[in-house]
Amino acid sequence: MNTRVYLAKLIDVLLPVLAMLVALLVGILLLLLLGSDPVKAYSALIQGALGNVSGITQTLTKATPLLLVGLGICIAFRGGVINIGGEGQIVVGALAATAFAVSFSKLPGLILLPLTLLSAAAAGLVWGGIPGLLKARLGVNEILTTVMMNQIALRLMNFLLRGPLLDPEHVAAGTSIPQSAALPESIWLPRLVPRTLFHSGAILAVLLALAVYFLLWRTTIGYRIRAVGLNPHASRYAGIPVPKYVTLSLALSGMLCGLAGAVEVLGVHHRMLEGLSGGYGFSGIVAALFGKLHPLGAIPASALFGALLVGADKMQRAVQVPSALAIALQGLVVLFVVSSDLYVRRRTRRRVGEDGPEEAVEGAQFEEPPAGTGEGANVASADVASEGAGREEDK
Amino acid sequence: MIDELFTISTLIGILHSCVRLATPYLFAALGETFGQRSGVLNLGVDGIMLMGAFFAFYVVFEGHNLWVGVLVAVAVGVLMGMLKAFVSVTMQSLQGISGIGLYLFGLGLSSLLFKTLIGSVEGVSGFRQLAIPLLSDLPGIGHILFNHNILVYLAYLMVPVSWFVINRTTLGLKIRAVGHNPEAADTLGVSVNGVRYTTLMIGGALAAVAGASLSIGLQNVFQENMTNGLGFIAVALVYFGSWRTVGVLGGALLFSLVNALQLWAQALNIPIPSEVAVMMPYIMTIVVLAFTARQIQKPAALARSYERGE
């Protein structure tokens, strides 16, 4: 790798960090405008997230679902589709895990745990697969369908937690907190640090990050997913069944989000309750983008955003600066990161040659895709392509 | 018990609610139509709505006139629209994802401002019912259509206004040209970026008014995340309505009808499994999108960034 390419890659990695810094600067301005002391607020945030064992374990606990969702987002993006349905997929995953574990609580833990995880994965797979299938077969915009599936999942949760899944003990006691019965203790994920919430789901998430990396870059399936994401036209001519891989990438994406839901249930709450998805579906997108849509990049990125979420909660308690600041900062990070893509795209084009046609750029990426370049053009063209393909088939 | 839902007075009540509840959907979805017709998908509508809802509420809460609240919301919406335009048009970023950024920014900032400046859930007296003389005296129809606050009338007025602007003005021609074939429009001297900035600012203003219609028109409170994803539905309504203003109106009424039915069923204590019922509009939207995705003419350049050749 020559120095120029190396430098360019380094800049790619540093851009998100720069985006984070700019977002934090804007945060300082906001805090000043609102009459809060930014130094106090930020030091409370950092102190809360990383200052002691409790903070660090909470950060890692929050990072776990973020990583799982982030991995799902990576697969979808690499396959040229956008998955905004993380929230809904987390919810159905958690619901399926709860329903299964509560119904078969007599089974020994060693059998019950994998089956519980599988049912959550299956539920997420279906919830992501439906928009995938609609996109692949009928050209329905997956952004809209995943948003709709979120709303449906939330309604389904409200219904189940007030009816079929409602904790019988609560019913007996006459209280009406909408939450499920506790899961059998035999399948609670072991805590990694005693007396904290930090559980072994984190190990599962990191292993899955490695697995997703392997899938995307070391298997034919992953190669095809990325090929379809980069250039559906070329993929079709190369004999890749594009609709199949569009469906698959959204379904796999949903599956990982579903697992995130199961891990939250099995590791943290030990039952299903409202608000379990906690915005992870969106924060996971932020983490994935921050990690340059690379499964291994998502690991540090999710730790960072886990820290931001935990720190913001602590900040709210310590210095009364609302934790909503963290959400606004996440939004700014996304805006800055996606804006900085322009720079990356322009550089790629320069490297390929003066006024090189778009295909040439994509062709170049086809050989050795630099992480996270040119996503913009590619996702859009996937959209156009699948619909174009549909029209041709109609005739 | 189900009979209670079908007495004349209940039916009138349901239809009245339906007309009223369509207001935020209409403002937001019509605004989104402008952006999408010019080729920009703005997924951040919900965030803009929240900002508009907060600022309108805050201004009124501080004792100012309701119209000042609406104006401030419009200004905030225009700014949010400019932010989206800068990211999507000038920086040519991926439109779906930048919309999520805008949504999170609006969601976070409106909650931050609310907690810092107001703190707890308070009420204000918003726009009052404005019965239109004579027309509101008509039996049935009068109450359903002509007994609302002024923002409701404005929302319906925006339907023909938007239609006129998009289909019968020079600006509208430019919007459609830019959304269909930006290269050709550019060759003819239309500023692609200029048009897209304009439509996103119009869309931002209307989304903010949609938010204001909740916080100082329909509900008269502000709460964190009070839109509850309504802005995302508004984006879907534009697809649902095939990018036509009349279609958007139909979609908005459909969603508000289901909402109204649910509200009334709850109020009358009718045991419809309402969680299942409230899923229906979303399922229906997916089904409609699935059936129409191939046939409808969407703006050819939708969600595609435009970069001028050298």
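From a predicted model like this one, the values you see are computed outputs, not experimental measurements.

1. Observations concerning the overall build of chain B
What chain B contains, in helices and strands, is 12 helices and two strands. Shown N-terminal to C-terminal, the secondary structure of chain B runs as helices and strands in the order α-α-α-α-β-α-β-α-α-α-α-α-α-α. Taken along the three principal axes of its C-alpha coordinates, chain B extends 70 × 45 × 40 Å.

2. Section: the overall build of chain A
Helix and strand counts for chain A stand at 16 helices and zero strands. The buried share of chain A, taken over its 395 residues, is 58%. Intrachain contacts of chain A at a sequence separation of at least 6 include 77% that bridge at least 24 residues.

3. Considering the interface of chain B and chain A
Contacts between the two partners involve 42 residues from chain B and, on the opposite side, 44 residues from chain A. Tallying contributions element by element places helix H4 (residues 95-118) of chain B first for the side of chain B that touches chain A, with 16 residues. A per-class count over the side of chain B that touches chain A returns 26 nonpolar, 11 polar and five charged.

4. Structural notes on the nonpolar core
Of all hydrophobic cores here, the largest spans 230 residues; its most connected members are Val333 of chain A together with Ala208 of chain B. Broken down by element, this core gets its largest block of residues, 16 residues, from helix H11 (residues 242-269) of chain A. Every residue in contact with Val333 of chain A, bar those within four places of it in the chain, is listed here: Ala19, Met20, Ala23, Val286 and Phe290 of chain A.

5. Some words on the confidence of the model for chain B
Any residue range with low pLDDT should be treated as having predicted coordinates unsuitable for detailed reading. Across chain B, the average pLDDT comes to 90, with 95% of residues at or above 70. Mean pLDDT across the elements of chain B bottoms out in helix H12 (residues 274-292) of chain B (80) and peaks in helix H2 (residues 45-61) of chain B (97).

6. Re the packing of helix H3 (residues 53-78) of chain A against H11 of chain A
Each pair of packed helices can be summarised by the angle the axes make with each other and by the distance between the axes. Residue and element names in this part refer to chain A. One way to put it is that H3 packs onto H11 with a least axis distance of 7 Å and a crossing angle of 175 degrees. The orientation of H3 relative to H11 falls into the category roughly antiparallel. Of the residues in H11, those touching H3 at Thr61, Thr64, Pro65, Leu68, Val69, Leu71, Gly72, Ile73, Ile75, Ala76 and Arg78 are Ser249, Leu250, Leu252, Ser253, Gly254, Leu256, Cys257, Leu259, Ala260, Val263, Glu264 and Val268. Here the contact of H3 with H11 is composed, by residue class, of 15 nonpolar, six polar and two charged.

7. Regarding unusual backbone geometry
All names here are of chain B. Phi is positive for Ser242, which is not a glycine, with a value near 50 degrees. Within the secondary structure, Ser242 sits in the loop between helix H10 (230-240) and helix H11 (245-267). Owing to 17 C-beta atoms within 10 Å, Ser242 belongs among the partly exposed residues under this scheme. Of note, the phi angle at Trp243 is positive, near 65 degrees, even though the residue is not glycine. Residue placement: Trp243 occurs in the loop between H10 and H11. What makes Trp243 buried here is the crowd of 21 C-beta atoms within 10 Å.

8. A word on the environment of Ala210 of chain B
Residues and elements named next belong to chain B. If you trace the backbone, Ala210 turns up in helix H9 (residues 192-218). The sequence separation of Ala210 and Tyr25 amounts to 185 residues, and the corresponding C-alpha distance is 7.1 Å. Filtering out sequence-adjacent residues up to four positions away, Ala210 remains in contact with Pro24, Phe27, Ala28, Met49 and Gly52.

9. Some remarks on the confidence of the model for chain A
Of all residues in chain A, 88% attain a pLDDT of 70 or more, and the chain-wide mean is 85. Confidence over residues 354-395 of chain A falls short of pLDDT 50; this stretch has 76 contacts with residues more than four positions distant or in other chains.

10. Some remarks on the packing of helix H1 (residues 8-37) of chain B against H9 of chain B
H9 of chain B packs onto H1 of chain B with a crossing angle of 170 degrees between their chain directions and a minimal axis gap of 7 Å. Between H1 of chain B and H9 of chain B, the crossing angle belongs to the class labelled roughly antiparallel.

11. Brief notes about helix H9 (residues 220-230) of chain A
H9 of chain A sits mainly inside the fold: eight of its 11 residues count as buried. Residues Gly222, Arg224, Ile225, Arg226, Ala227, Val228, Gly229 and Leu230 of chain A constitute the buried set of H9 of chain A.

12. A look at the environment of Leu107 of chain B
Of note, Leu107 of chain B is situated in helix H4. On a C-alpha basis, the gap between Leu107 of chain B and Ile132 of chain B in space is 36 Å, while along the polypeptide they are 25 residues apart. Here Leu107 of chain B is in contact with Ile327 of chain A together with Gly47, Leu50 and Asn225 of chain B, once residues within four sequence places are set aside.

13. Looking at helix H2 (residues 38-50) of chain A
All names here are of chain A. The terminal C-alpha atoms of H2, which comprises 13 residues, lie 18 Å apart, in line with the 18 Å expected from a rise of 1.5 Å per residue. Within H2 the residues assigned to the buried category are Ala41, Ala44, Leu45, Gly48 and Ala49. Taken around the axis of H2, the buried residues stretch over an arc of 115 degrees, which confines them to a single face. Packed against the buried residues of H2 are helix H1 (3-33), H3 and helix H13 (298-319).

14. Concerning the environment of Leu296 of chain A
Residue and element names in this part refer to chain A. Assignment of secondary structure puts Leu296 in the loop between helix H12 (280-290) and H13. Looking at Leu296, the number of C-beta atoms within 10 Å reads 17, which means it is partly exposed. Taking the C-alpha atoms as reference, Leu296 lies 20 Å from Leu7; in sequence the two are 289 residues apart. Every residue in contact with Leu296, bar those within four places of it in the chain, is listed here: Ala209 and Tyr213.

Rules behind the numbers
- Residues numbered from 1 in each chain as written.
- Chains lettered and ligands numbered in written order.
- Predicted model: local features only at pLDDT ≥ 70, side-chain atom pairs only at ≥ 80, totals over all residues.
- Helix = DSSP H or I, 4+ residues; strand = E, 2+ residues; numbered from the N terminus.
- Buried ≥ 20, exposed ≤ 12 C-beta atoms within 10 Å, placed from the backbone.
- Contact = placed C-beta atoms within 7 Å.
- Nonpolar A, V, L, I, M, F, W, Y, C, P; charged D, E, K, R; others polar.
- Core = buried A, V, L, I, M, F, W, Y, C linked by C-beta atoms within 7 Å.
- pLDDT = per-residue confidence, 0-100.
- Axes fitted to C-alpha atoms, helices over the stretch in contact; angles between N-to-C directions.
- Parallel < 35°, antiparallel > 145°, perpendicular 65-115°, else oblique.
- Expected span 1.5 Å × (residues − 1).
- Arc of directions from axis to C-beta.

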